[in-house]
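In case you want the letters, here they are:
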Amino acid sequence: AKELGRDNFQFYAPEFNATVHEKFLLQEELRNALARSEFTLFYQPQVDLRSGRVFAVEALIRWKHPTLGLISPMKFIPMAEETGLIVPIGDWVLHEACRQNKAWQDSGLPPMMVCVNVSARQFKDSNLISRVVNALADSGLEAQYLELEVTESLIMQNVEIAVATMNELQSLGVQISIDDFGTGYSSLSALKTFPVVRLKIDKSFINDLATDEDDQAVASAVISLGQKLNLRVIAEGVETDEQIAFLRKNNCDEMQGYHFSKPVSAQDIMTLLNEDRGD
Ligand code: C2E
Ligand code: CA
Ligand code: CA
Ligand code: CA
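So, how was this worked out
- Residues numbered from 1 in each chain as written.
- Chains lettered and ligands numbered in written order.
- Predicted model: local features only at pLDDT ≥ 70, side-chain atom pairs only at ≥ 80, totals over all residues.
- Heavy atoms only, no water.
- Near = heavy atom within 4 Å.
- Polar contact = N/O pair within 3.5 Å; in protein donor to acceptor, adjacent residues only side chain to side chain.
- Areas by Shrake-Rupley, 256 points an atom, 1.4 Å probe, with all protein chains shown as cover.
- 1 Å grid on protein atoms, 1.4 Å probe; cavity = no way out; pocket = protein on both sides within 12 Å on 5 of 7 lines; lining within 4 Å.
- Sits in = over half its atoms within 2 Å of the grid points.
- Phe/Tyr/Trp six-rings, centres within 6.5 Å; stacked < 30°, edge-to-face > 60°.
- Helix = DSSP H or I, 4+ residues; strand = E, 2+ residues; numbered from the N terminus.
- Buried < 20%, exposed > 50% of the residue type's maximum accessible area, 1.4 Å probe, protein only.
- Lys NZ or Arg CZ within 6 Å of the ring centre and 35° of its normal.
- Donors = N, O, S within 2.8 Å, 3.2 Å for Na, K, Ca; no water.
- Points joined across faces, edges and corners; volume = space filled by probe spheres on them.
- Nonpolar A, V, L, I, M, F, W, Y, C, P; charged D, E, K, R; others polar.
- Right-handed = clockwise from strand over helix to strand, strands pointing away.
- Salt bridge = Lys/Arg side-chain N within 4 Å of Asp/Glu carboxyl O.

- Per an unreviewed UniProt entry, the recorded name for the protein is EAL domain-containing protein, and the organism is Mesorhizobium argentiipisi.

## Considerations on the site of ligand 1
Here's step 1: Not every one of the 22 residues close to ligand 1 is listed here, only the nearest: Gln-44, Arg-62, Lys-203, Glu-239 and Tyr-258.
Here's step 2: At 3.1 Å, a backbone N or O of Ile-61 approaches a nitrogen atom of ligand 1.
Here's step 3: With respect to ligand 1, the side chain of Arg-62 contributes an N or O atom lying 2.8 Å from an oxygen atom.
Here's step 4: Against a free-state accessible area of 800 Å², the protein chains account for coverage of 84% of ligand 1.
Here's step 5: The pocket occupied by ligand 1, as judged from atoms lying within 2 Å of grid points, is the largest pocket.

## With respect to the packing of aromatic side chains
Here's step 1: The tally for this structure, following the rule as stated, stands at five aromatic pairs.
Here's step 2: Ring plane angle 50° and centroid distance 6.0 Å describe the contact between Phe-39 and Trp-63, whose orientation is recorded as tilted. Of this pair, Phe-39 sits in strand S1 (residues 39–48) while Trp-63 is found in strand S2 (residues 54–65), placing the two residues 24 residues apart along the sequence. Accessibility classification places Phe-39 together with Trp-63 in one group, the buried group.
Here's step 3: Ring plane angle 85° and centroid distance 5.4 Å describe the contact between Trp-63 and Phe-76, whose orientation is recorded as edge-to-face. Of this pair, Trp-63 sits in strand S2 while Phe-76 sits in helix H2 (residues 73–83); the two residues are 13 residues apart in sequence, bridging distant segments of the chain. No difference in accessibility class separates Trp-63 from Phe-76, as the two residues are buried.
Here's step 4: Among the aromatic residues, those joined into a ring-pair cluster are Phe-39, Trp-63, Phe-76 and Trp-92.
Here's step 5: The ring of Tyr-258 is capped by Lys-262, whose NZ or CZ atom sits 4.7 Å from the centre of that ring.

## Some thoughts on the coordination of the calcium ion (ligand 2)
Here's step 1: Bound to the calcium ion (ligand 2) are the protein donor atoms Glu-58 (OE), Asn-117 (OD1), Glu-149 (OE) and Asp-179 (OD), situated 2.2 to 2.3 Å from the metal.
Here's step 2: Along the chain, the residues donating to the calcium ion (ligand 2) are arranged with the sequence spacing E-x58-N-x31-E-x29-D.
Here's step 3: Between the calcium ion (ligand 2) and the calcium ion (ligand 3), a separation of 5.6 Å is found. Of this pair, Glu-149 sits in strand S5 (residues 146–151) while Asp-179 is found in strand S6 (residues 175–181), placing the two residues 30 residues apart along the sequence.
Here's step 4: Residue Asp-179 is classed as buried on the basis of its relative accessible area of 6%.

## Here we look at the coordination of the calcium ion (ligand 3)
Here's step 1: Ligation of the calcium ion (ligand 3) by protein atoms is provided by Asp-180 (OD), Asp-202 (OD) and Glu-236 (OE), these donors lying 2.0 to 2.7 Å from the ion.
Here's step 2: For the calcium ion (ligand 3), the donor residues sit on a single chain with the sequence spacing D-x21-D-x33-E.

## Some thoughts on the layout of surface pockets
Here's step 1: Within this model, the largest pocket holds a volume of roughly 1,100 Å³.
Here's step 2: In terms of lining residues, the largest pocket is bounded by 37 residues, among which Glu-58, Leu-60, Pro-73, Met-74 and Asn-117 are the most central.
Here's step 3: Elements with a contribution of two residues or more to the lining of the largest pocket: S2, H2, helix H3 (86–106), strand S4 (113–118), helix H4 (120–124), S5 and S6.
Here's step 4: Looking at the lining of the largest pocket residue by residue, the classes come out as 16 nonpolar, 11 polar and 10 charged.

## A closer look at unusual backbone geometry
Here's step 1: Positive phi is not limited to glycine here, since Asp-180 has a value of about 55°.
Here's step 2: Tracing the sequence through the fold places Asp-180 in strand S6.
Here's step 3: A positive phi is found at Asn-230, a non-glycine position, where the angle reads about 65°.
Here's step 4: Along the polypeptide, Asn-230 turns up in the loop between helix H10 (213–228) and strand S8 (232–236).

## What to know about the pairing of S8
Here's step 1: Of all five residues making up S8, four are buried, and the element is well covered by its neighbours.
Here's step 2: The β-α-β motif built from S8, the intervening helix H11 (residues 241–249) and the parallel element strand S9 (residues 254–256) has right-handed crossover chirality.

## Notes on the pattern of salt bridges
Here's step 1: In the structure shown here, the tally under the stated rule is 15 salt bridges.
Here's step 2: One salt bridge connects Lys-200 with Glu-58, and the closest N-O pair in it is separated by 2.8 Å. One end of the pair, Lys-200, is in strand S7 (residues 198–201); the other, Glu-58, is in strand S2, and 142 residues separate them in sequence. No difference in accessibility class separates Lys-200 from Glu-58, as the two residues are buried.

Spelled out as structure tokens, the structure:
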């Protein structure tokens with residue numbers, strides 16, 4: 001390797017640089033992504049288990065990078081959270097989801113909810129309330145058609161402050177649900193005070209629902225907890241008939257998952273909902 005010479009010392013650079021370097025590049029790209037309009041929202045239907053009807057869609061962000069391709073939110077949302085970029089990105093998501101939901105309504109679809117994920121940094125941002133007010137005002141969407149998904153673990157970081165913020169949001173008329181429920185150790189007494197309309201059972205408890213008795217115990221406990229507290233309960237990550245059978249038997253209210261539909265573009269939601277209505 002002698003002939004490589006001095007300039008090629010990086011040839012010997014240890015592996016550790018790769019991921020750090022990749023992360024750095026991705027952060028740079030993330031900084032530019034909003035201005036370059038590289039984000040888009042996909043929507044996944046949420047279905048009422050009794051009627052089989054779609055009553056809501058969850059907005060899920062997608063990053064289409066011109067050379068890196070499609071980048072998963074699992075990869076860039078934590079990075080956006082770390083860097084604070086989640087605040088402007090989250091603001092874009094809010095505006096876009098409200099605009100799109102209003103556009104669906106204006107096109108003649110029956111009104112439904114749009115659910116938007118709110119991350120920790122966004123939730124703690126002192127401008128959160130005015131950002132939500134602006135998204136509603138700019139889009140013309142009525143507050144009752146916007147639902148915010150806040151994770152259980154985020155709420156549990158500081159219950160008192162979280163409840164105060166949720167109360168403010170609720171007073172705007174928007175609804176709140178607890179995402180990833182079952183993973184964040186809410187106490188019953190705390191849960192009672194949350195101004196929320198529903199609990200989302202985390203996917204991790206649904207995956208092996210057909211066979212895993214522990215998961216069955218958690219899922220049925222969350223469902224009966226919801227019933228006792230008068231909250232709706234939705235299961236996420238539903239893929240199989242067996243999972244649905246269990247959820248039905250245990251009186252779960254709602255489901256979301258690949259069994260019904262993967263997250264799809266706004267255009268495809270139109271098609272899907274028109275088929276859903278076509279009876
Ligand atoms: P999440 O909020 O728990 O969203 C559910 C995730 O499960 C989504 O992944 C969805 O595509 C996926 N999923 C839904 N049904 C199924 C199923 O039947 N099987 C399987 N295997 N997966 C299913 P996605 O879209 O990759 O999003 C991952 C996470 O990234 C979300 O988890 C959420 O935490 C975050 N995220 C996505 N969009 C946004 C956003 O706009 N803002 C913020 N703050 N976070 C977002
Ligand atoms: Ca969610
Ligand atoms: Ca989840
Ligand atoms: Ca119920």
